[in-house]
Amino acid sequence: MDSGEIRSQLRFKRRSLTYQQQQLAAQGLSSIIQGELLFTQGSRIGVYLANDGEIDPSLLVSNARAAGCYCFLPLIDPLNTNCLYFAQYHSDTELKANRYGILEPVVEQSAMLSAKDLDILLMPLVAFDREGTRMGMGGGFYDRSLAFMAESVHVKPTLIGLAHSCQERPQLVRQPWDIPLHLIATEKEIVCVKQK
């Protein structure tokens, strides 16, 4: 099965989850991550708004804020449309849909951070394997925005892929530009990836 077929199959699978299944998955994910004590006061955490059946991190956002963290949403850089930047996200942040229909903050460019400025990045995905390979939606936005991590040894941000357990694959083909995850969290477990 090629990557396009895997992507199509797993997107359909996660969109097919009922509202109740999605809610239970979000609660399970929150409980598991909260038990890991990943959020420390003052941390800058990149988050996302669930879309297309993605596992919902909104409870994690609440937990992170309660721990004194700052949360940031991705937005497509208006000058470099192939790259993501991050803007602080509050409950009253003004949002508007980008060209993909995904909500992102309305901010001045001076208020945007690069991924280098984050401590933790919670990333959506379509498929994952236990080697830390992440298959996204196919646009390459996260890979381009994290390319600096392949060019030198960077300890941050910690990359955590969030997924439903049904999105796991035995093995995905890792492309040269793919940036591997440090951890994968599902509603059932946290998978720690051995860094090579």
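See above for the structure.
Residues numbered from 1 in each chain as written. Predicted model: local features only at pLDDT ≥ 70, side-chain atom pairs only at ≥ 80, totals over all residues. Heavy atoms only, no water.

Chemist: Explain the packing of aromatic side chains residue by residue, including any values.
Modeler: Centre distance and the angle of the planes are the two values used to describe a pair of aromatic rings. Taken as a whole and judged by the stated rule, the model has 1 aromatic pair. Taken together, a centroid distance of 5.8 Å and an interplanar angle of 75° make the contact between Y100 and F141 edge-to-face. Linking Y100 in the loop between β4 (95-97) and β5 (103-105) with F141 in helix α4 (residues 141-145), this pair joins segments that are 41 residues apart in sequence. Accessibility expressed as a relative area gives 48% for Y100, which makes it partly exposed. Lying across the ring of Y89, R65 places its NZ or CZ 4.9 Å from the centre. Note that R144 overlies the ring of F141, its terminal NZ or CZ placed 5.3 Å from the centroid. (Phe/Tyr/Trp six-rings, centres within 6.5 Å; stacked < 30°, edge-to-face > 60°. Helix = DSSP H or I, 4+ residues; strand = E, 2+ residues; numbered from the N terminus. Buried < 20%, exposed > 50% of the residue type's maximum accessible area, 1.4 Å probe, protein only. Lys NZ or Arg CZ within 6 Å of the ring centre and 35° of its normal.)

Chemist: If you had to explain the sheet that holds strand β11 (residues 190-192) to someone new, which residues and values would you point to?
Modeler: If you walk across this open sheet you meet the 7 strands as β3-β2-β1-β6-β9-β10-β11, and the pairing is mixed. Edge positions in the sheet fall to β3 (84-88) and β11, since each has one partner strand and no second. Averaged over all pairs of adjacent strands, the angle between their axes in this sheet comes to 25°, without regard to strand direction. Both strand β1 (residues 44-46) and strand β2 (residues 70-76) contribute to a ladder of 3 bridges, which runs parallel. (Pairing = 2+ DSSP bridges. Axes fitted to C-alpha atoms, helices over the stretch in contact; angles between N-to-C directions.)

Chemist: So what about the layout of surface pockets? Which residues, and what values?
Modeler: By volume, the largest pocket amounts to about 950 Å³. Residue lining of the largest pocket: 42 residues in total, with R134, G136, M137, G138 and G139 positioned closest to the centre. Elements represented by at least two residues in the lining of the largest pocket include exactly α1 (3-15), β2, β5, β8 (134-135) and α4. In terms of residue class, the lining of the largest pocket is made up of 22 nonpolar, 10 polar and 10 charged. (1 Å grid on protein atoms, 1.4 Å probe; cavity = no way out; pocket = protein on both sides within 12 Å on 5 of 7 lines; lining within 4 Å. Points joined across faces, edges and corners; volume = space filled by probe spheres on them. Nonpolar A, V, L, I, M, F, W, Y, C, P; charged D, E, K, R; others polar.)

Chemist: Tell me about the side chain of T93, and name the residues and values.
Modeler: Here T93 shows up in the loop between β3 and β4. Once residues lying within four places of it in the same chain are set aside, the contact partners of T93 are Q88 and P105. (Contact = heavy atoms within 4.5 Å.)

Chemist: Can you lay out the environment of M137 for me, pointing to particular residues and giving the numbers?
Modeler: Position of M137 relative to the elements: it lies in the loop between β8 and α4. Between the C-alpha atom of M137 and that of V126, which follows or precedes it by 11 residues, the distance is 6.4 Å. Excluding its chain neighbours within four sequence positions, the residues that come into contact with M137 are R7, R11, R14, D52 and V126.

Chemist: Can you lay out the pairing of strand β9 (residues 158-162) for me, pointing to particular residues and giving the numbers?
Modeler: Counting buried positions along β9 yields 4 of 5 residues, so the element is predominantly enclosed. Note: strand β6 (residues 120-124) against β9, 5 bridges, orientation parallel. Counted as the bridge partner of P124 is L162 from β9. Where β9 meets strand β10 (residues 183-185), 3 bridges bridge the pair, whose relative direction is parallel. Looking across to β10, one finds that G161 is bridged to I184.

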